[in-house]
There are 2 protein chains.
Amino acid sequence: MKESEMTVLGIDFGGTTVKMAVVRGSEITSETFLIDTQDYSGPDALIDVIVSRITEVRKEFPEIAAIGVGVPGAIDFEEGVTYNLTNVKGWSNVPLRSILSEKTGLPCVVENDANCMTYAEWKHGAGNGFKNVICVTLGTGVGGGLILDGRMYRGSQFAAGEIGQMSIDLNGVPGPYGNDGALERYIGNRQIEDYAQALYQEKGSPVPEDCSPAGLAALAEAGDQIALEAWDWVASCLANCLSSCIYLLNPDAIVIGGGVAHAGDLLFAPLRQKLEASLTEECSGQLQICSARFGNSAGIRGSAALASELV
Amino acid sequence: MKESEMTVLGIDFGGTTVKMAVVRGSEITSETFLIDTQDYSGPDALIDVIVSRITEVRKEFPEIAAIGVGVPGAIDFEEGVTYNLTNVKGWSNVPLRSILSEKTGLPCVVENDANCMTYAEWKHGAGNGFKNVICVTLGTGVGGGLILDGRMYRGSQFAAGEIGQMSIDLNGVPGPYGNDGALERYIGNRQIEDYAQALYQEKGSPVPEDCSPAGLAALAEAGDQIALEAWDWVASCLANCLSSCIYLLNPDAIVIGGGVAHAGDLLFAPLRQKLEASLTEECSGQLQICSARFGNSAGIRGSAALASELV
């Protein structure tokens, strides 16, 4: 069967909610079913409720032929085992793929969430048609994924794409793993907020109540010069890291998603300008800098796209 | 015919000398023939003399079945055309592969020198047996190449692996393309020398006559504390950039060559320690940091290895 005709179940396993939906090709063809992660004390109980929900969904969609799961953390992709999941306790060394596969009788794939987002954007979104794509998600943390030579690149321990841990300053603020200057420590949600608050104070200007990325975007849209300056600084940090990625990988597209990317041209305009000013013509001439197409549905779409290749 | 049984000609086209040798599998089986690049005014004259030298060599080695050429600069790998070569004038848009192929009647491949070094180390040297390898050359400039998922990764415009242009400091010294903090501007040969001279002056210590990387290595071996400090600083800069490469690509090996790498443990010991201190266990646990096996012969070996896959 062609991938585009296949019906699969995409599951986005988040820190607070498990979301699942039926997907056919690039289309989500059901409502999105939700399970509250925190209601269950450990993997066994949560897996049981996920499986019983899958059983219900399959009654309505018996054509479901495979299952894809995106999880928030490190996994062994080949074995389908979670190493440990961010913000979800008790998920060390859970052989999620084989458990789900055994309990449902369907082929399953388990992938980390940043790679799912990357795969969704490449198969059906902003990265479609490109050979080499770097995807970045800007949120509480900064994550990423890579499509290289037309396929997902996962790295030797399936840990590739950790753009948030790359350094932008060898003498910079400490990162979580001793990695001074880690990008995430500059342009994570909270760090942007902290930077903006300090900037207002430094300029002797009253600190706005909402200095979150969304708040700063609204202020900048309204012409607030300090908010604009904060966005320019975010763009500088991101451009520095991306220029390093580009010199290393010479991609044809960069896809940027996550809440911070909702700032749109406030971020993208200075980012493009700064990248062009720091790259060779060879690297920048044909490079596309795109906004991600899918928001919250990227996890479902990406895990489903991977699942549709199983059958 | 098996690659290991194939006899090919490897050509290393450098800024001052063209070197060529007959290669069979991983063995160089002839003397290395030299042509002085500067004796010829442009591509046509130089190509003519290369071709006549190839003709001579083939009289002695009629079994030569293909030709590989490594060139010092940017190329279109698919078309076999040089964009422009560092330190060699007049080589913009020269269709070197088709010219050589037409004049010799043999299949040819043209690749840039950093990729040739990378391929040589991966096929027959320090990177052999690894799936994902980052190669770095430390010399006048800093270059690199990538083996990803068991094959050469070249990037969308064949410009991947420019490790020397990656930034280690978003507020750092200007790079050649507006890329502030470019690694090459910290640990290129001359930059190491400049840094060491400044360090001796700053410490009120007489500046040694020879502060080149080789000179500094000798001083450090003899216990000179300032020279040791300079090497520690070189290791810090390199570790910062490589940790970013590792977070992005999660390789299983890093191979480091070029003149500066001759410092051996003066560089490698602090480098390994700094990398371990800035990486997750996932990324560093199985990571090998290796010294390149081949020195000046890497270009011949790598271009020959690529050529041996043509037939």
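Just so you know, the residues in each chain are numbered from 1, in the order the chain's sequence is written. For naming, the first written chain is A and the first written ligand is 1, with later ones following in the order written. Predicted model: local features are reported for residues with pLDDT of at least 70 only, side-chain atom pairs are reported and counted for 80 or more only, and whole-chain, interface and lining totals are derived from all residues. Each side-chain value is derived from all of the structure's non-hydrogen atoms; neither hydrogens nor water enter the calculation.

1. Let's talk about the domain arrangement of chain A
Residue and element names in this part refer to chain A.
- Start and end points for every domain follow an automatic or database-based domain assignment. Partitioning chain A into structural domains gives domain 1 (3-118 + 297-307) and domain 2 (128-291).
- The gap between the C-alpha centroids of domain 1 and domain 2 is 28 Å.
- A contact between two residues is defined here by any heavy atoms of the two lying within 4.5 Å. Taken together, the contact pairs 12 residues of domain 1 with 12 residues of domain 2.
- Criterion for a salt bridge: a side-chain nitrogen of Lys or Arg within 4 Å of a carboxyl oxygen of Asp or Glu. Linking domain 1 with domain 2 are 1 salt bridge, by the criterion used here.
- Linking R154 and E111 is a salt bridge whose minimum nitrogen-to-oxygen distance equals 2.6 Å.
- Whenever a nitrogen or oxygen atom comes within 3.5 Å of another N or O atom, the pair is scored as a polar contact, on the condition that within protein one atom can donate a hydrogen and the other can accept it, and that pairs from neighbouring residues in sequence are kept only if both atoms are in side chains. Connecting domain 1 to domain 2 are 2 residue pairs in polar contact (both at pLDDT 80 or more).
- Numbered from the N terminus, helices here are DSSP runs of H or I no shorter than four residues, and strands are runs of E no shorter than two. The set of elements that each furnish at least two residues to the side of domain 1 that touches domain 2 consists of strand 6 (73-76), strand 8 (108-112) and helix 3 (113-124).

2. Comments concerning the pairing of strand 12 (residues 253-257) of chain A
Residue and element names in this part refer to chain A.
- Burial of strand 12 is extensive: 5 of the 5 residues sit out of reach of the surface.
- Categorising residues by exposure relies on relative accessible area from a 1.4 Å probe, with only protein chains included: less than 20% of the type maximum marks a residue as buried, more than 50% marks it as exposed, and the intermediate range marks it as partly exposed. On strand 12, burial covers both faces: A253, V255 and G257 on one face and I254 and I256 on the other are all buried.
- Here strand 9 (residues 133-138) runs beside strand 12; their pairing, made up of 5 bridges, is parallel. Along strand 12, the bridge assignment pairs I134 with I254. Two strands make a pair as long as DSSP finds a minimum of two bridges between them.

3. A closer look at the sheet that holds strand 13 (residues 288-291) of chain B
All names here are of chain B.
- A sheet is described by the order of its strands in space; here 5 strands give the open sequence 11-10-9-12-13, paired in mixed fashion. Edge positions in the sheet fall to strand 11 (151-153) and strand 13, since each of these pairs with one other strand and no more. For this sheet, the mean angle separating the axes of adjacent strands, direction not counted, is 25°.
- Bridge analysis of strand 10 (residues 142-148) against strand 11 gives 3 bridges, and the strand direction is antiparallel. Angles run from 0 to 180 degrees between N-to-C directions of axes, and those axes are lines fitted to C-alpha atoms, restricted for helices to the stretch in contact.

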